[in-house]
Amino acid sequence: MDFETRRRWAGVTEILYVVVLQDGGLENTSPFQGISNGFDELGWTLRQILDLPPDLISPALPAQGRIGMRVTGRGWSWHPLMVSELEKINVDETAPFWVVISGHAEVAKRTKRWCSRQLLPVFHITDGYLGDARPGEASRESIRRHLRRVMTYLPKSFPAALRANLEEMIDGWRADEPFPLSFTPRTHNCTLPNLATLQAAGADMSAMTTLNPLVGNEREFVDAIEESTAEVLELRATVSGIPALRVQPQTPDVIVAAPAAYSHFRARTRRSNDVPVGFREAIQLLQRQTGYRMLIEGFPFPREAILSPGWQIVMGIRGRELQLQTNAIALRAASTFAATIRLPNGVNAFPDLRNFTNHIRGKNRPNKLKKTVSLFQKVQSALIADCDDTLLGKIALSRTGVKLVSDAPLEWLPCEGLPLCIARDVSRIPATPGNLMMLELVPPRRMFLDPSAFNEILVISSFQDDDRLKDLLFEAVKNAAQRIPRHLRIKHVRAHDRRELVDAMNAFGGAMVILDCHGNHNERTGVGTLRIGKDNIDVWELRGTLRSPPIVILSACDTHAPDRTHATVANGFLSCGARAVLGTFLPIRGDRAGVFAARLAQRASWYVSTMVDNIETPLLWSEIVGSMIRLDFLSELINQIQRRRPLAQEVCDELRFNIDMMIHSRDPDWWPAATTKITQVMKLAEGEFEHFVALAIGAGDSVRYTHLGNPETICITNEHILGALG
């Protein structure tokens, strides 16, 4: 087959799992995290999917082969879909293998009617007599029989060679051969994603027990997370040399999860006769939770409150939210064979965060940098106050990237002497609103972009004529483009209102847009906005109107403020369809933002083209941004030292070149190597160097950026590389 033919049939070996929701089911959401009632009712579907094969190939492979597929992102393909949307779809031969799962009785009836209209059979899991199997009854063999039935319905136009290959795959399914684990698996919400990941790869779970330590013994939770994390990472390491990784880079190997609730949930609850008995006490207990479970001991709650309907309602809702989120993370982790490290609840609430953000947003004053460094270190200390060093050490073991599922700024966790966002390639899925979290946790099919997709980048500027920032970023990006004219063109648009913003983005067919404007997250209204001309634009209101490019760079302040609400600008662009959004936790400096955007544009065009077309190395967008943040930090680090230890210009230029090459060459030990080089050239003692590192973090913007969405699913490659393995 030629490349275009292979592209057309790329998904033919997948089994598509569709969770069918009631119409309007995404509007009525849970009060604490914002997960729709539709998801809540169908939480069992995620556990059901994990028991079934992800595709036609995996069941024919040994455990190592399954792991190898999943580290490149080829796991379960599942999607939540309202029944009215399902009814608009027809199953065709390019993706013929469907399993639909429905719960609500009326939805099940409509789903059954839809199935009967399809030219190809669809396997339907639902309660009662309306489907092919009831919940929990579907098995690998029943799915196999269904696949064989679908094969008999494929049209004569279906490629004969491909038909033969599919039949051979189905016939080649082997009996399960469970492999032993090196530890006794202990099940709890905090370990479920790791255990599900291991079980889905074929691990023997016959010895599994329930994790329920004595009250106050948090160490057992940590030990159970640590041992299951270590097992996943060790098994993942066994496939690090497979040929497929030359074509498709590995997905993040570590997921760090810290369940959260809406910011207003942390507000003090007042006594009121309008709420049921026990309601207020239950919320207070949830607010005070810092560990892996809620402890009633030590709180003076009356017995009647604990046994009351109000208490049961609150605990029931929050319990279902956490269970659903855990199952969604488990399915994501199993699909990419990632180790999941669940952090305790204490990382979500601490006053040091507000002290730091207020300081950054305040006016300049003497010794601001010194205080910035001090406050940032306090934030880091507060983040790890409830975290065990063992778990932080396991996060540091990541080699292919860290995926956060959290609202807390876990990018600032210390990792080998640096904030995590500098030390590793990091991206986040926000925990609130819960519906957005659930949709982002759905593993999207990897997007393949040719380097030419970055030949033209859209820059949208929106400043008033008298604003000193009006041309800073555009001039910096334009100058970068002039240095590499064969690789990069800039399409520049000045948007003066909401309509011009939408028109500019909808008319652009490229991969990447940079938005250059003011941003704000109003503490009173709780809404993050962009200043477009004289308008403050709530991006959430553009859903259904704005068509976002896959990559959005927000060169604006406070586009994902960690100390305010979920209604951020960055989240808004995710809701509009962006796959990767580079947002900002805090205000950024205009001149530095311009330099950062220019270097990122250059890296997305010239560097990517060089690596992919000349060195034949595919790149993930998460790595492009991660390496740019490292370059930005190293530049600021040398600046800070140079101000106090001046070097001859040629010596400094050579040092910068050598340090940058450690990042360009993708050296996994870049930081120890950079440390050695800088301390030698600039003749620094160890304590002096650490001081300059702290200054660079405080003075620069590298920790002020946050990468949202699924950037690791954007793979920049070319047809030659993709066709290398046939």
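Residues numbered from 1 in each chain as written. Predicted model: local features only at pLDDT ≥ 70, side-chain atom pairs only at ≥ 80, totals over all residues. Heavy atoms only, no water.

## Considering a negative patch on the surface
Phase 1: Taken together, the side chains of Asp450, Asp613, Glu616 and Glu719 present a region of like negative charge at the surface.
Phase 2: Within the secondary structure, glutamate 616 sits in the loop between helix H22 (590-614) and strand S21 (619-620). (Patch = residues over 30% accessible without salt bridge, like charges linked within 9 Å, V, L, I, M, F, W, Y side chains within 5 Å. Areas by Shrake-Rupley, 256 points an atom, 1.4 Å probe, with all protein chains shown as cover. Salt bridge = Lys/Arg side-chain N within 4 Å of Asp/Glu carboxyl O. Lys, Arg positive; Asp, Glu negative; His and termini not counted. Charge placed at Lys NZ, Arg CZ, Asp CG, Glu CD. Helix = DSSP H or I, 4+ residues; strand = E, 2+ residues; numbered from the N terminus.)

## Re the sheet that holds strand S23 (residues 714-716)
Phase 1: Sheet architecture is open: three strands sit in the order S13-S23-S21, paired in mixed fashion. Bordering the open sheet on either side are strand S13 (447-449) and S21, each of which pairs with just one other strand. (Pairing = 2+ DSSP bridges.)

## Points about the packing of aromatic side chains
Phase 1: Taken as a whole and assessed by the stated rule, the structure comprises twelve aromatic pairs.
Phase 2: Measuring from centroid to centroid gives 4.3 Å for phenylalanine 596 and tyrosine 705, while their planes differ by 15°, and the two rings are stacked. Taken together, the residues phenylalanine 596 in helix H22 and tyrosine 705 in strand S22 (residues 705-709) connect sequence positions 109 residues apart. Per residue, the accessibility class of phenylalanine 596 equals that of tyrosine 705, and both read buried.
Phase 3: Ring centres of phenylalanine 633 and tryptophan 671 lie 5.7 Å apart, and the angle between their planes is 55°; on these two criteria the pair is classed as tilted. You can see phenylalanine 633 sitting in helix H23 (residues 621-644) and its partner tryptophan 671 sitting in helix H25 (residues 670-682), a full 38 residues away along the chain. Grouping residues by exposure puts phenylalanine 633 and tryptophan 671 together as buried.
Phase 4: In this structure, arginine 603 packs its charged tip against the face of tyrosine 607, placed 3.9 Å from the ring centre. (Phe/Tyr/Trp six-rings, centres within 6.5 Å; stacked < 30°, edge-to-face > 60°. Buried < 20%, exposed > 50% of the residue type's maximum accessible area, 1.4 Å probe, protein only. Lys NZ or Arg CZ within 6 Å of the ring centre and 35° of its normal.)

## Considering the side chain of threonine 706
Phase 1: Take threonine 706: it is sitting in strand S22.
Phase 2: In this structure threonine 706 comes out as buried when scored by relative accessible area, which is 1%.
Phase 3: Within the structure, the side chain of threonine 706 is placed 3.3 Å from the side chain of arginine 428, a separation counted as a polar contact.
Phase 4: Not counting residues up to four positions away in its chain, the partners in contact with threonine 706 are Glu411, Arg428, His560, Val581, Leu582, Gly583, Thr584 and Phe585. (Polar contact = N/O pair within 3.5 Å; in protein donor to acceptor, adjacent residues only side chain to side chain. Contact = heavy atoms within 4.5 Å.)

## Considerations on the state of the cysteines
Phase 1: All told, the structure shown has zero disulfides when counted by the stated rule.
Phase 2: Among the cysteines around cysteine 421, which has no disulfide bond, cysteine 415 carries the closest sulfur, lying 10 Å off.
Phase 3: The closest cysteine sulfur to the non-disulfide-bonded cysteine 517 is located on cysteine 557, 9.4 Å from its own sulfur.
Phase 4: Overall, cysteine 517 belongs to the buried group, its relative accessible area being 4%. (Disulfide = S-S within 2.5 Å.)

## Let's talk about the pattern of salt bridges
Phase 1: As enumerated under the stated definition, the model contains 36 salt bridges in all.
Phase 2: In this structure, arginine 332 and glutamate 712 form a salt bridge, with 2.8 Å as the shortest nitrogen-oxygen distance. With arginine 332 in helix H13 (residues 309-336) and glutamate 712 in the loop between S22 and S23, the pair connects residues that are 380 residues apart, well separated along the chain. In terms of burial, arginine 332 and glutamate 712 fall into one category: buried.
Phase 3: Between arginine 428 and glutamate 411 there is a salt bridge; the shortest N-O distance is 2.7 Å. Highlighted residues: arginine 428 in strand S12 (residues 426-429) and glutamate 411 in the loop between strand S9 (402-406) and strand S10 (414-415), separated in sequence by 17 residues.

## A closer look at H23
Owing to its 3.6 residues per turn, the α-helix aligns residues three or four sequence positions apart on the same side.
Phase 1: The terminal C-alpha atoms of H23 lie 36 Å apart, and with 24 residues this matches the ideal 34 Å at 1.5 Å per residue to within 8%.
Phase 2: In terms of burial, H23 is a largely internal element, 20 of the 24 residues being buried. (Expected span 1.5 Å × (residues − 1).)

## Quick look at the packing of H23 against helix H24 (residues 649-664)
Phase 1: At a minimum axis distance of 10 Å, the contact between H23 and H24 shows a crossing angle of 155°. Compared by their axis directions, H23 and H24 come out roughly antiparallel. Relative to H24, the crossing made by H23 is right-handed. Contact residues: Ser627, Arg630, Leu631, Leu634, Ser635, Ile638, Asn639 and Gln642 in H23; Cys652, Leu655, Arg656, Ile659, Asp660, Ile663 and His664 in H24.
Phase 2: Here the residues of the contact of H23 with H24 sort into seven nonpolar, five polar and three charged. (Axes fitted to C-alpha atoms, helices over the stretch in contact; angles between N-to-C directions. Parallel < 35°, antiparallel > 145°, perpendicular 65-115°, else oblique. Left-handed = near helix turned anticlockwise from the far one by under 90°. Nonpolar A, V, L, I, M, F, W, Y, C, P; charged D, E, K, R; others polar.)

## As for the packing of helix H19 (residues 472-483) against H22
Phase 1: Relative orientation of the contacting elements H19 and H22 amounts to 30°, with a least axis distance of 8 Å. The angle between H19 and H22 places the two elements in the roughly parallel class. H22 is crossed by H19, and the crossing has right-handed handedness. Mapping the contact onto sequence places Leu472, Leu473, Ala476, Val477, Ala480 and Arg483 in H19 and Gly590, Asp591, Ala593, Gly594, Val595, Ala597, Ala598, Ala601 and Gln602 in H22.
Phase 2: Residues of the contact of H19 with H22, tallied by class, amount to ten nonpolar, three polar and two charged.

## Some thoughts on the sheet that holds strand S3 (residues 98-102)
Phase 1: Spatially, the four strands line up as an open sheet ordered S2-S1-S3-S4, and their pairing is parallel. For this open sheet the edge positions go to strand S2 (77-82) and strand S4 (123-125), each flanked by a neighbour on one side alone. Neighbour-to-neighbour, the strand axes of this sheet turn through a mean angle of 25°, independent of strand direction.
Phase 2: Relative to S4, S3 is paired through three bridges, and the arrangement is parallel. Opposite valine 100, over in S4, you have histidine 124 as the bridge partner.

## Here's the deal with unusual backbone geometry
In most cases, non-glycine residues show a negative phi, while peptide bonds are predominantly trans.
Phase 1: The omega torsion of the bond from threonine 432 to proline 433 falls at -5°, within 30 degrees of zero and hence cis.
Phase 2: One can find proline 433 in the loop between S12 and helix H18 (434-441).
Phase 3: Although it is not a glycine, glutamate 416 adopts a positive phi angle of roughly 55°.
Phase 4: Of note, glutamate 416 is situated in the loop between S10 and strand S11 (418-419).
Phase 5: Despite not being glycine, lysine 683 shows a phi value in the positive range, around 55°.

## A short note on the nonpolar core
Phase 1: Trp621 and Leu637 are the most contacted members of the largest nonpolar core, which has 126 residues in total.
Phase 2: Not counting residues within four places of it along the chain, the set of residues in contact with leucine 637 comprises Trp671, Ile678, Phe689, Phe692, Val693 and Ala696.
Phase 3: Of all hydrophobic cores here, the second largest spans 64 residues; its members include Ile49, Ile101, Trp114 and Ala330. (Core = buried A, V, L, I, M, F, W, Y, C linked by side-chain atoms within 4.5 Å.)

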